[in-house]
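Residues per chain are reported as follows:
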Amino acid sequence: MNHDQLGQAALEILNTVFGYPEFRLNQQEIVTTVARGNDALVLMPTGGGKSLCYQIPALLRKGTAVVVSPLIALMQDQVAVLQANGVRAEFLNSSLSGEQAKRIEDELYSGQIDLLYVAPERLLQPRMLGLLENIDVALFAIDEAHCVSRWGHDFRPEYMQLSVLHERFPAIPRVALTATADERTRQEIISHLALEAAEQFINSFDRPNIQYHISDKKNGKQRLIDFIKHQHAEDSGIVYCLSRKRVESFTEALRDQGFNAYAYHAGMSSELRKRNQEKFLNEEGVIMVATIAFGMGIDKPNVRFVAHMDLPKSIEAYYQQTGRAGRDGLPSTAWMIYGLQDVIQLNQWIQQGDAPENVKRIETEKLNALLGLCETIECRRHRLLEYFGEQPHSEKCGNCDNCLIPPVTWDATEAARKALSCIHKTGNRFGTGYVVDVLCGTENERVIKNRHNDLSVFGIGNDLSKVAWGAIIRQLVTSRLVQVDVENYNVLRLTEKCRPLLQGAVEFHLRELPKKTQPQKRKAKAQFVQPQDEELYELLKAERMSLASEYGVPPYIIFGDKTLMAMAEHRPLSDEDMLAVSGVGQFKLDKYGMNFLELIEEYCAAHG
Ligand code: ADP
Ligand code: ZN
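Residues numbered from 1 in each chain as written. Chains lettered and ligands numbered in written order. Predicted model: local features only at pLDDT ≥ 70, side-chain atom pairs only at ≥ 80, totals over all residues. Heavy atoms only, no water.

**Q** Go over the pattern of salt bridges, please, and point to the residues and values.
**A** Tallying each qualifying case throughout the model produces 29 salt bridges. Ionic pairing is found between Asp39 and Arg174, a salt bridge with its closest N-O pair at 3.4 Å. Taken together, the residues Asp39 in the loop between helix H2 (27-35) and strand S1 (40-43) and Arg174 in strand S6 (residues 174-178) connect sequence positions 135 residues apart. Take Asp39 and Arg174: they sit in the same class, and that class is buried. Notably, a salt bridge pairs Arg103 with Glu107, separated by 2.9 Å at the nearest N-O pair. Residue Arg103 and its partner Glu107 are located together in helix H5 (residues 98-109), separated by 4 residues, close to a single helical turn. Exposure remark for Arg103: the relative accessible area of 39% places this residue in the partly exposed category. Shared partners join several salt bridges into a network, and the residues in it are Lys217, Arg246, Asp310 and Asp342. (Salt bridge = Lys/Arg side-chain N within 4 Å of Asp/Glu carboxyl O. Helix = DSSP H or I, 4+ residues; strand = E, 2+ residues; numbered from the N terminus. Buried < 20%, exposed > 50% of the residue type's maximum accessible area, 1.4 Å probe, protein only.)

**Q** Give a description of the sheet that holds strand S9 (residues 236-240) that names residues and reports values.
**A** Sheet architecture is open: 6 strands sit in the order S8-S13-S12-S9-S11-S10, paired in parallel fashion. Pairing within the sheet leaves two strands with one partner each, and these edge strands are strand S8 (210-216) and strand S10 (261-264). Put simply, the sheet's adjacent strands are angled 15° from each other on average, direction ignored. With 7 bridges connecting them, S8 and strand S13 (residues 332-338) associate as parallel partners. Each residue of the ladder has a partner; that of Asp216, found in S13, is Tyr338. Contacting S8, S9, strand S11 (287-290), strand S12 (303-308) and S13, helix H11 (residues 220-231) runs over the sheet at an angle of about 170° to S13. Most of the contacts of helix H13 (residues 270-282) go to S10, to which it runs at about 140°, and overall it touches S9, S10, S11 and S12. (Pairing = 2+ DSSP bridges. Axes fitted to C-alpha atoms, helices over the stretch in contact; angles between N-to-C directions. Contact = heavy atoms within 4.5 Å.)

**Q** Residue-level account of the packing of helix H1 (residues 3-16) against H2, with values.
**A** Relative orientation and spacing of two packed helices are given, respectively, by the angle between their axes and the distance between those axes. At a minimum axis separation of 10 Å, H1 and H2 run at an interaxial angle of 115°. For H1 against H2, the interelement crossing comes out right-handed. Residues His3, Leu6, Gly7 and Ala10 of H1 form the contact with H2, whose participating residues are Gln28, Val31, Thr32 and Ala35. Considered class by class, the residues forming the contact of H1 with H2 number 4 nonpolar, 4 polar and no charged. (Left-handed = near helix turned anticlockwise from the far one by under 90°. Nonpolar A, V, L, I, M, F, W, Y, C, P; charged D, E, K, R; others polar.)

**Q** Give me the lowdown on the packing of helix H24 (residues 534-551) against helix H26 (residues 561-570), citing residues and values where you can.
**A** Between H24 and H26, whose axes approach to 9 Å, the crossing angle comes to 135°. Compared by their axis directions, H24 and H26 come out oblique. Our pair here, H24 against H26, has a crossing hand that is right-handed. For the pair H24 and H26, contact is made by Leu536, Tyr537, Leu540, Lys541 and Arg544 and by Asp561, Leu564, Met565, Met567 and Ala568, respectively. Split into classes, the residues belonging to the contact of H24 with H26 amount to 7 nonpolar, no polar and 3 charged. (Parallel < 35°, antiparallel > 145°, perpendicular 65-115°, else oblique.)

**Q** Any chance you could break down H11 for me, citing the residues and the numbers?
**A** Relative to the 16 Å expected for 12 residues at 1.5 Å per residue, H11 spans 16 Å between its end C-alpha atoms, a close match to the ideal helical length. On the buried face of H11, the contacting elements are S9, helix H12 (244-256), S11, S12 and S13. (Expected span 1.5 Å × (residues − 1).)

**Q** Break down the site of ligand 1 for me, citing the residues and quoting the values.
**A** Around ligand 1, the structure places 14 residues, and the nearest of them are Tyr20, Gly47, Lys50, Ser51 and Arg327. Note that an oxygen atom of ligand 1 is positioned 3.0 Å from one of the backbone N or O atoms of Gly49. For ligand 1, whose unbound accessible area comes to 560 Å², protein coverage reaches 81%. Residue composition of the shell around ligand 1, by class: 4 nonpolar, 6 polar and 4 charged. (Near = heavy atom within 4 Å. Polar contact = N/O pair within 3.5 Å; in protein donor to acceptor, adjacent residues only side chain to side chain. Areas by Shrake-Rupley, 256 points an atom, 1.4 Å probe, with all protein chains shown as cover.)

**Q** Mind laying out the packing of aromatic side chains, listing which residues take part and the relevant values?
**A** Summed over all chains, the structure comprises 13 aromatic pairs. Relative to Tyr318, the ring of Tyr212 has its centre 6.3 Å away and its plane inclined at 45°; by these criteria the two rings are tilted. Here Tyr212 is found in strand S8, whereas its partner Tyr318 is found in helix H14 (residues 315-322), with 106 residues between them in sequence. We classify Tyr212 as buried; its relative accessible area is 2%. An angle of 75° between the planes, with centres 5.5 Å apart, marks the rings of Tyr387 and Phe388 as edge-to-face. Taken together, Phe205, Tyr319, Tyr387 and Phe388 form an aromatic cluster joined through their ring pairs. Sitting above the plane of the Tyr262 ring, Arg255 keeps its charged end 5.1 Å from the centroid. In this structure, Arg273 packs its charged tip against the face of Tyr264, placed 5.7 Å from the ring centre. (Phe/Tyr/Trp six-rings, centres within 6.5 Å; stacked < 30°, edge-to-face > 60°. Lys NZ or Arg CZ within 6 Å of the ring centre and 35° of its normal.)

The following block contains the structure:
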């Protein structure tokens, strides 16, 4: 086949098997590159559509495509999606019985499997490699390829050994895929997987459908409740916290408000965790309150919000966790609150960890970068993309809090100087609470004992509240004019960087201190469905739910939200119309089409 014919054949599979009208981003180029037998490195954000980049070549090429995937949950989900579209896909992992594995091996030998998902450790077994040498392998896809990175948060040692594929199967194309953006990881993937000759397909890491919100931690619990109530009342979402205790407490608070919230953390029994995770995957409108232990391998496409009640460790972690929202491309929210306590806590963990000094320094730097993102008065998306080495086209994205409601700034030069001189005059020996007490003129026991009520700075800050001083000091820390000594009771100390400010050479502008703001009212549910289609949409969802329980699969395996929305809007009445709906392929039409067509017909008849 020449290039055009290959492109045409790829499009046909996209239409008939997956039911999508057109390729996204550079999917088509990637598909034809791999289908022609070349290696490829694919960087695409979450939800960009990486899977099709190897699934379609798998169907275009002779033999079985072998997909390396790090997690059982991910494999099962992908295989379920493929099988629901009538593709012959299977996985081999430790969850199978010996008998089941044997059946799959037999099918491999007789060429009945188009895609085989395996865990890296399984693939690397001599027996498995031997088996593959005796069958036609169409291609190797290495999913979540950033797992080779020792620096990354998902490091998997077995991934490092995958270069064996290149050595033992030099003629078979390999495609490595990841949603992790930074340059160092990219280089590690290339060198560890011997992909020097691969074509690189690098997309922007922007997730335009995610709206970013970052604000102060005050009244966190109530703010979380308001946020969900006003913006995501009936949606699925994830709430991340740092400790088990906080997971329990927020779960309870949300349940008290009538939300369908479940906890997930390492202190729970594995059965209970599994049960809660299944609820999240299989039911609608479930909120998972979790420590970061939850999420890797969660492919649920219609997570509408990710809320962080505590700061993650880095921009990478923030991007990855918020990236679990909106995989289906529909509007979603990444909402985070943070405070100085978080910074102190995370710094403490870094310092107390076993990592060597240089790693600790990197970790501290990464945390500082995240703080910079929190405190910025500029476009969040811009900052985020810049961090990943992209040059965003415009200064403002129009879909983050700072763009939507430009933060009010104030000239905090005077206040900052007061705080700095208070830290200095009390001898660089006290933490935030104490320094604020002195600034505000609070005569407590310690202050009196230290005779700090006699200092000139005592009470010079009583024009501002203690909360306000807390925020100012936090921003001084973020701007690194002040450092927190985590090895020494979190004592505040001036740094060299504060000199120009103390000498009056520079000004210090800050985000206006948080006022009580009314949350922006959005329509509470399914705001992207037209009002006239809402009733039908709900009926379609109910039908999907009942089919999902009948077939024992999560609802989104049947049809995604976007597909149901399109049905509610276009109201297909024939097989042909139904096939024109994005997300409906021939196999799903045959399997579920009738149920939905009948429902739509009935609805249209009743509503004229
Ligand atoms: P990733 O692995 O990059 O996070 P997926 O491969 O899971 O993303 O794709 C995300 C969603 O987008 C899936 O529901 C997938 O079916 C859908 N999708 C992928 N490519 C297309 C396309 N060309 N048109 C419409 N939907 C697509
Ligand atoms: Zn913006």
